[in-house]
Amino acid sequence: MVRVSTGVPGLDAMLNGGLIKGRVYLLKGAAGTGKTILAMHFAMEGVKNGEDVLYITLGEPSKQLVENMRSIGFEFDDPHFRLVDATPIDHVKSVVFTGSPGVEFGESMERLLSSIISEVEGKDYSRVVVDPITMMKLTVESELKYRKLLLPFLKAVHRKNTTVLLVSEEERTNVEEYMVSGVIELLRRDVNGTFVRGVRVTKFRGSAVDENTRPLKITSRGMVVLSDRVFRP
Ligand SMILES: Nc1ncnc2c1ncn2[C@@H]1O[C@H](COP(=O)(O)OP(=O)(O)O)[C@@H](O)[C@H]1O
Ligand SMILES: [Mg+2]
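Here the structure is a predicted model, which means the values were calculated and not measured.

A.B. asks: Sorry, what's going on with the packing of aromatic side chains here?
C.D. replies: Note on aromatic pairs: each is described by the distance of the centres and the angle between the planes. Under the defined criterion, the tally for this structure stands at three aromatic pairs. Residues Y25 and F204 carry aromatic rings whose centres are separated by 5.7 Å and whose planes lie at 35° to one another, so their mutual orientation is tilted. With Y25 in strand β3 (residues 24–28) and F204 in strand β11 (residues 194–204), the pair connects residues that are 179 residues apart, well separated along the chain. Accessibility expressed as a relative area gives 1% for Y25, which makes it buried. On the numbers, 5.7 Å between centres and 65° between planes, the contact of F76 with F81 is edge-to-face. By relative accessible area, F76 is classed as buried at 17%. A relative accessible area of 10% means that F81 is categorised as buried. Grouping aromatic residues by their ring pairs yields a cluster made of Y55, F76 and F81. Positioned above the aromatic ring of F42, the side-chain terminus of R127 is 4.9 Å from the ring centre. Residue placement shows R188 over the ring face of F195; its charged tip is 3.9 Å from the ring centre.

A.B. asks: How do you make sense of the packing of helix α4 (residues 109–122) against helix α6 (residues 143–159) when you look at a structure like this?
C.D. replies: To characterise two packed helices, one gives the angle between the axes of the helices and the distance between these axes. Relative to each other, α4 and α6 sit at 5°, their axes nearing to 9 Å. Our classification of the angle between α4 and α6 gives roughly parallel. For the pair α4 and α6, contact is made by M109, E110, L113, I116, I117, V120 and E121 and by Y146, L149, L150, P152, F153, A156, V157 and R159, respectively. Of the residues assigned to the contact of α4 with α6, the class counts are 12 nonpolar, no polar and three charged.

A.B. asks: Explain helix α3 (residues 62–70) to me, please; I cannot follow it from the model alone.
C.D. replies: Owing to its 3.6 residues per turn, the α-helix brings residues three or four apart onto one side. Every buried residue belonging to α3 is among L65, V66 and M69, and all of these are buried. One face of α3 carries all of its buried residues, which in axial projection span an arc of 95°. Contacts made by the buried residues of α3 are with α2 (35–48), β4 (53–57) and β5 (81–85).

A.B. asks: It is not clear to me how unusual backbone geometry should be interpreted in this structure. Could you clarify?
C.D. replies: Trans is the prevailing form of peptide bonds, just as negative phi is the prevailing case for residues other than glycine. The omega angle of the peptide bond from D131 to P132 is -10°, so this bond is cis rather than trans. In the Ramachandran plot, N16 falls in the positive-phi region, its phi being about 65° despite a non-glycine side chain. One can find N16 in the loop between α1 (9–14) and β2 (19–20). Backbone geometry places N192, a non-glycine residue, at a positive phi of 50°. For N192, the location among the structural elements is in the loop between β10 (182–191) and β11.

So, how was this worked out
Residues numbered from 1 in each chain as written. Chains lettered and ligands numbered in written order. Predicted model: local features only at pLDDT ≥ 70, side-chain atom pairs only at ≥ 80, totals over all residues. Heavy atoms only, no water. Phe/Tyr/Trp six-rings, centres within 6.5 Å; stacked < 30°, edge-to-face > 60°. Helix = DSSP H or I, 4+ residues; strand = E, 2+ residues; numbered from the N terminus. Buried < 20%, exposed > 50% of the residue type's maximum accessible area, 1.4 Å probe, protein only. Lys NZ or Arg CZ within 6 Å of the ring centre and 35° of its normal. Axes fitted to C-alpha atoms, helices over the stretch in contact; angles between N-to-C directions. Parallel < 35°, antiparallel > 145°, perpendicular 65-115°, else oblique. Contact = heavy atoms within 4.5 Å. Nonpolar A, V, L, I, M, F, W, Y, C, P; charged D, E, K, R; others polar. Arc of directions from axis to C-beta.

Dropping the structure here:
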């Protein structure tokens with residue numbers, strides 16, 4: 001099994017060398033826990049290696065995302081990096097790929113996913129991020145339908161041997177957790193008015209893994225995981 005670096009060395013250490021290539025992972029945590037920053041580390045690690053990377057933003061508009069990520073040193077001028085803004089442009093519509101028709105966001109996760117699937121099938125992306133997948137889920141009426149819709153996407157990326165990070169804003173157990181190969185959870189606790197951050201790996205198929213929660217820091221240079229320390233909130 002080939003390992004893929006998350007871009008955060010301490011997290012790679014927790015994962016016994018990194019994510020496993022060609023698999024789909026869920027990155028979850030409350031707002032402000034650092035999901036987008038970690039997802040960007042993962043994406044930019046690929047870009048650094050000359051891989052093609054697709055980042056689909058459904059939460060923050062791309063302009064804002066780029067501004068925020070620049071504040072911690074990420075640069076966005078590499079042609080290997082494709083940032084797609086699928087945030088709704090008004091209450092219902094979202095244009096996913098230039099040239100594709102506007103997707104009725106509130107109605108059709110199916111069309112949104114099929115646009116993403118054809119993009120993934122048409123190009124050899126080695127890494128894909130969907131940030132957050134929660135936006136899509138909100139538009140589907142049942143969990144069963146959601147699973148059925150997600151499945152073709154999972155199959156497509158599997159065929160292409162693409163490593164995928166799905167970001168989720170839900171803290172409780174998500175339906176996606178049963179469908180992915182691993183789950184990374186980011187935590188944040190208020191200790192006497194100061195935030196203390198942590199990370200744990202709650203599921204990781206096919207490998208040994210660090211079962212401890214480890215402290216995590218976010219600075220103006222990005223995310224650092226202290227894999228040799230114990231998280232004590
Ligand atoms: N330049 C920075 N320096 C230090 N911390 C930062 C910086 N930019 C963002 N952060 C921290 O990261 C948090 C946001 O991380 P983000 O990845 O956007 O969270 P999420 O996607 O989980 O909502 C902010 O709440 C802030 O605490
Ligand atoms: Mg985010």
